[in-house]
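Residue-level structural notes
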Amino acid sequence: MREGERPDLALAAYDGDAAKAVLVADAEPRFHRFAGADVLVLRGINFNTGDRPEDMVSLRILIADGRVETLARRPVRAVEATQSHVAAHPEARAGEIVLHLIESLVARLNDAVDELSDKLDDLEDRIESPGANPEPQHLARLRRRAIWLHRFCHPQARALDDAGAAHPEWLDRAGRVRLNEQRHAMARIVADLAVLRDHSRILQERSDQELRERARRTSFALTLIAGVFLPLNLVGALFGANVGGIPFAHDPLGFWYLLGSLLALVAVELALLRWLRWI
């Protein structure tokens with residue numbers, strides 16, 4: 001579609017249902033044949049500033065009478081790359097243009113999946129490193145990305161399957177072979193995303209378990225410290241009472257007797273904890 005052209009006017013010459021399919025908001029990936037026109041809706045990685053890559057951009061492609069019309073509400077790098085390809089190859093036909101769009105979208109999806117896989121592997125290494133601090137927020141973002149990419153790529157693989165099964169006339173034999181390769185590539189991407197989604201869930205569970213284990217160890221250590229000092233506090237409170245009958249009250253060595261008694265009490269407590277295998 002030419003820049004500045006109104007989409008409702010550009011599509012007015014085509015079948016009404018086809019135009020509606022192209023103009024519908026938030027269209028899911030799909031392929032459909034209409035009277036005299038084919039509509040292929042795909043999604044691409046969102047590279048726009050301020051947006052998240054997993055918030056994929058919907059790209060609507062209408063093929064009719066040897067022409068290819070595209071519509072997207074936000075810029076799509078695959079469209080820009082295809083425009084450059086067509087400028088360099090003005091003789092390119094509709095099938096070549098559509099295939100270049102599909103290949104560009106799939107290549108960028110594959111790069112995004114590889115990047116996500118590398119980030120999950122790095123995060124797993126950090127989680128498994130001794131003394132490492134889990135990063136639940138970072139992990140949650142990666143898991144969300146895997147889930148959302150899988151959500152959009154799964155129907156996109158079906159859309160390419162439907163396009164290949166329809167044997168459209170704008171694809172020659174070589175074009176069908178190329179489309180078949182992209183179908184397999186999308187199937188691999190969907191499978192990889194399913195693995196990454198499960199991998200991120202396992203990492204999330206391990207991270208949560210590590211946090212719980214750290215909290216348990218901290219609570220146990222505090223309980224042991226409190227258990228050791230509680231008898232000492234009791235003895236100190238008794239000796240600090242301002243009443244008669246306090247042992248060693250008038251003995252010059254009373255402080256040292258009391259200190260030795262407290263140290264002996266600590267030694268007995270530690271021996272008891274060790275015997276109970278708590279330390």
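Everything that follows concerns the structure shown earlier in this document.
Predicted model, so just to flag it, every value in this text is computed and none were measured.

Comments concerning the overall build of the chain
- For the chain, the helix and strand inventory stands at 7 helices and 4 strands.
- From first element to last, N terminus to C terminus, the chain shows the α and β order α-α-β-β-β-β-α-α-α-α-α.
- The proportion of buried residues among the 279 residues of the chain is 37%.
- For the chain, contacts bridging at least 24 residues in sequence account for 62% of all contacts bridging at least 6.
- If you sum the accessible surface of the chain, you get close to 16500 Å²; carbon and sulfur atoms cover 56% of it.

Quick notes on the pattern of salt bridges
- Applying the stated rule across the entire model yields 15 salt bridges.
- A salt bridge links Arg33 to Asp38, with the nearest nitrogen and oxygen atoms 2.9 Å apart.
- Where Arg144 meets Asp55, a salt bridge forms, and the shortest distance between an N and an O atom there is 3.8 Å. Taken together, the residues Arg144 in helix α5 (residues 136–165) and Asp55 in the loop between β2 (37–44) and β3 (57–64) connect sequence positions 89 residues apart.

Considering the side chain of Glu124
- For Glu124, the location among the structural elements is in helix α4 (residues 94–128).
- Ignoring anything within four residues of it in the chain, the contact list for Glu124 reads His199, Leu203 and Arg206.

What to know about the nonpolar core
- Counting residues in each nonpolar core, the largest one holds 49 residues, and the members touching the most others are Ile61 and Met186.
- Here the element with the most residues in this core is α4; it accounts for 15 residues.
- When neighbours within four sequence positions are excluded, Ile61 is seen to be in contact with Asp38, Val39, Leu40, Leu42, Val68, Glu69, Thr70, Val98 and Leu101.
- One finds Val22, Ala27, Val41 and Leu62 within the second-largest nonpolar core, a separate group that totals 11 residues.

Regarding α5
- Taking 1.5 Å per residue as the helical rise, α5 with its 30 residues ought to reach 44 Å, and the 43 Å between its terminal C-alpha atoms agrees with that figure.
- Once α5 finishes, His167 follows within two positions and takes phi at roughly 50°, a positive value.

Cut-offs used in this document
Counting starts from 1 at the beginning of each chain's written sequence and moves along it residue by residue. For this predicted model, a pLDDT threshold of at least 70 governs which residues receive local features, and a threshold of 80 or more governs which side-chain atom pairs are given and counted, while totals over whole chains, interfaces and linings are taken from all residues. Hydrogens and waters are ignored; side-chain quantities use all the structure's heavy atoms. We count a stretch as a helix when DSSP gives it H or I for four or more residues in a row; a strand needs E for two or more, and each element gets its number in order from the N terminus. Relative accessibility thresholds used throughout: buried, under 20% of the residue-type maximum; exposed, over 50%; partly exposed, between the two (1.4 Å probe, protein chains only). In this analysis, two residues are considered to be in contact whenever any of their non-hydrogen atoms come within 4.5 Å of each other. Surface exposure here means Shrake-Rupley accessible area, sampled with a 1.4 Å probe, where a residue is shielded only by the protein chains that are shown. Any carboxyl oxygen of Asp or Glu within 4 Å of a side-chain nitrogen of Lys or Arg constitutes a salt bridge here. To qualify as a nonpolar core, a set must consist of buried Ala, Val, Leu, Ile, Met, Phe, Trp, Tyr and Cys residues joined through side-chain atoms within 4.5 Å. Helices are assigned an expected span. That span is 1.5 Å times one less than the residue count.

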